[in-house]
Amino acid sequence: MATDFKSIPIIDIGPLLSKSDDPDMGSDPGVAQVVEQLDRACREAGFFYVKGHGVPDPLVKEVRSIARKFFHLPYEEKLKIKMTPEAGYRGYQRLGENITKGVPDLHEAIDCYTEIKPGRYGALGKPMEGPNQWYRNHTVYKFNRSGYSVSVVELSRKIMRGIGLALGGSPSEFEGDRAGEAFWVTRIIGYPGVPDANGDNKTDNDVGCGAHTDYGLVTLVNQDDDITALQVRNLSGEWISAPPIPGTFVCNIGDMLKIWSNGLYESTLHRVVNSNAKFRVCVAYFYEPNYDAAVEPLDFCIQKSGGVRKLGKAVYGEHLVAKVQTNFA
Ligand SMILES: N=C(N)NCCCC[C@H](N)C(=O)O
Ligand SMILES: O=C(O)CCC(=O)C(=O)O
Ligand SMILES: [Fe+2]
């Protein structure tokens, strides 16, 4: 977020998708145009809408509708898949259980992560080990077997190929030991509506999710079509809404891409305030580096920054664990 953007750009990535497995994709004029738009959006806002993504609309909607049904179940039912540290922080968390900068958030959620085989990453992976918890298999069916999860992984991978070019590197910059085995996070989130849509009854605790940055490479947000609640902070600190645009995902940059790009691309602060009377559902998919990736500014990004290295090194798994362990006090 390097500017005072007032709205979030929309990028039709169709041309990128059709060429994204061609090693010479950078010389295609259609791809070049998308890459230029990606570069601009990532520098100016760190947020953009992805249009022309090819994920079928009925599937995108169905995933939200299954999520909505789950949240409307009685509390005791939802507790059957309760999130605990022992379950690798996977599962259901009630309203107010997730904490952002010390303040409880007004949302409930199911958190899922790439399953880690016991011992795979030693002590680094231990806190996150455990199978995902699904309610009576219906969500697992939709997320894992309907093609939705495959679609969002592939879409993210292709966006990252475009971003490799946008930074001035190669399309495969974020593959191999960087993100060739990209770790993923899915958050299925529900935000209650306010009792009085005029805002007269608002409490102090009306923030659905406090201001934060995302942790990895890119996030794809599948949000309800009819409620504006996601807000993105610009350079002067104004909150700019990211209203739903049917047929798009909202895409934003995470902390690890900020480091790799030496801060050329920022992981922009954002928050969620549902001031609508209706319950809002969002399914956020986070495409992240390899769990054990060591992340530090790329040489060509340092060069583009006048030779000044602006950020230190991080290990993605350590960053994730530090976040997750403070998300639930
Ligand atoms: N996996 C991701 N990015 N989750 C974003 C959650 C943001 C809220 C969290 N309590 C926090 O403070 O980060
Ligand atoms: O609900 C949304 O629109 C975004 C949620 C979000 O920012 C997150 O879970 O990281
Ligand atoms: Fe977020």
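Reference entry: report on the structure contained in this document. In this text the structure is predicted, and so the values were computed from the model without any measurement. (Residues numbered from 1 in each chain as written. Chains lettered and ligands numbered in written order. Predicted model: local features only at pLDDT ≥ 70, side-chain atom pairs only at ≥ 80, totals over all residues. Heavy atoms only, no water.)

A look at the site of ligand 2
This is how the line gets drawn: Proximity criterion: a residue is near a molecule or strand once any of its heavy atoms comes within 4 Å of it. Whenever two N or O atoms come within 3.5 Å, that pair is a polar contact, provided that in protein one can donate a hydrogen and the other can accept it, and provided that, for residues adjacent in sequence, both atoms are side-chain atoms. Calculation of accessible area relied on Shrake-Rupley with a 1.4 Å probe; when residues are assessed, cover is drawn exclusively from the protein chains displayed. Side-chain classes follow a simple rule in which Ala, Val, Leu, Ile, Met, Phe, Trp, Tyr, Cys and Pro form the nonpolar group, Asp, Glu, Lys and Arg form the charged group, and the remainder, Gly included, forms the polar group.
In the vicinity of ligand 2, the contacting residues are Arg187, Ile189, Tyr191, His212, Asp214, Val221, Leu230, His270, Val272, Arg280, Cys282 and Phe286. Measuring from an oxygen atom of ligand 2, one finds a side-chain N or O atom of His212 at 3.0 Å. The contact in question runs from an oxygen atom of ligand 2 to an N or O atom on the side chain of His270, over 3.1 Å. Computed on the free molecule, ligand 2 has an accessible area of 300 Å², of which 97% lies beneath the protein chains in the complex. Of the residues belonging to the shell around ligand 2, the class tally is seven nonpolar, two polar and three charged.

Quick word on the packing of aromatic side chains
Operational definition: Aromatic pairing here means that ring centres of Phe, Tyr or Trp (its six-membered ring) are within 6.5 Å. Orientation follows from the plane angle: under 30 degrees is stacked, over 60 is edge-to-face, and everything else is tilted.
Tallied over the full model, the rule gives 11 aromatic pairs. Aromatic rings pair up to connect Phe70, Phe71, Tyr92, Tyr135 and Phe279 into one cluster.

Examining the site of ligand 1
This is how the line gets drawn: With a 1 Å grid laid over protein atoms only, a set of points is called a cavity when a 1.4 Å probe fits there but cannot get out and a pocket when it is open yet has protein on both sides within 12 Å along at least five of seven lines; lining residues have an atom within 4 Å of a point. Placement in a cavity or pocket follows one criterion, namely that more than half of the molecule's atoms lie within 2 Å of its grid points.
Neighbouring ligand 1 are the residues Asn98, Ile99, Thr100, Arg187, Cys209, His212, Asp214, Tyr215, Phe286 and Asn327. Contact between ligand 1 and Thr100: a nitrogen atom at 2.8 Å from a side-chain N or O atom of the residue. The side chain of Tyr215 places a nitrogen or oxygen atom 2.5 Å from an oxygen atom of ligand 1. For ligand 1, whose unbound accessible area comes to 370 Å², protein coverage reaches 93%. Spatially, ligand 1 is embedded in the largest pocket.

Considering the sheet that holds strand β10 (residues 230-233)
Definition in use: Pairing between strands is defined by DSSP: at least two bridges between them are needed. Numbering of helices and strands runs from the N terminus; a helix is a DSSP stretch of H or I covering at least four residues, while a strand is a stretch of E covering at least two. Every angle, taken between N-to-C directions, lies between 0 and 180 degrees, and every axis is a line fitted to C-alpha atoms, over only the stretch in contact when it is a helix.
Taken in spatial order, the four strands of this open sheet run β8-β13-β10-β11, and their pairing is antiparallel. Edge positions in the open sheet fall to β8 (209-212) and β11 (239-241), since each of these has one partner strand only. Mean inter-strand twist for the sheet, computed between neighbouring axes without regard to direction, equals 25°. Direction of pairing for β10 relative to β11: antiparallel, over a ladder of three bridges. Bridge pairing in β11 links Gln231 to Ser241.

Section: the pattern of salt bridges
Our working definition: Here a salt bridge means any side-chain nitrogen of Lys or Arg lying within 4 Å of a carboxyl oxygen belonging to Asp or Glu. Note on exposure labels: buried denotes an accessible area under 20% of the residue type's maximum, exposed denotes more than 50%, and partly exposed covers the range between, all computed with a 1.4 Å probe on protein chains only.
This model, assessed by the stated rule, comprises 22 salt bridges. In this structure, the salt-bridge partner of Asp28 is Lys19, at a minimum N-O distance of 3.1 Å. You can call Asp28 buried: its relative accessible area is 17%. Looking at Lys19, the relative accessible area reads 30%, which means it is partly exposed. Among the salt bridges present, the one from Arg178 reaches Glu173, with a minimum N-O distance of 3.0 Å. Using a relative accessible area of 14% as the deciding quantity, one classes Glu173 as buried. Bridged by salt links that share partners, the residues Asp21, Glu154, Arg157 and Lys158 form one connected network.

Section: the coordination of the iron ion (ligand 3)
Note the cut-off: For Na, K and Ca the donor cutoff is 3.2 Å, while for all other metals N, O and S atoms count as donors only within 2.8 Å; water does not appear among the atoms, so some sites may look incomplete.
Coordination sphere of the iron ion (ligand 3), protein contribution only: His212 (NE2), Asp214 (OD) and His270 (NE2), at 2.1 to 2.2 Å. If you list the donors of the iron ion (ligand 3) from N- to C-terminus, the spacing comes out as H-x1-D-x55-H. Taken together, the residues span a long stretch of sequence, with His212 in strand β8 and His270 in strand β13 (residues 270-272) at a distance of 58 residues. What makes His270 buried here is its relative accessible area of 5%.

Observations concerning the sheet that holds strand β1 (residues 10-12)
Either a parallel or an antiparallel arrangement is found when strands of a sheet pair, and the pairing is made through backbone hydrogen bonds. The mixed open sheet is built from eight strands, whose spatial order is β1-β2-β12-β9-β14-β7-β6-β3. Among the strands making up the open sheet, the edge pair consists of β1 and β3 (91-93). On average, adjacent strands in this sheet sit at an angle of 25° to one another, irrespective of strand direction. Bridge count between strand β7 (residues 184-191) and strand β14 (residues 280-287): eight bridges; the pairing is antiparallel.

Coordinates in, geometry out; function isn't part of it.
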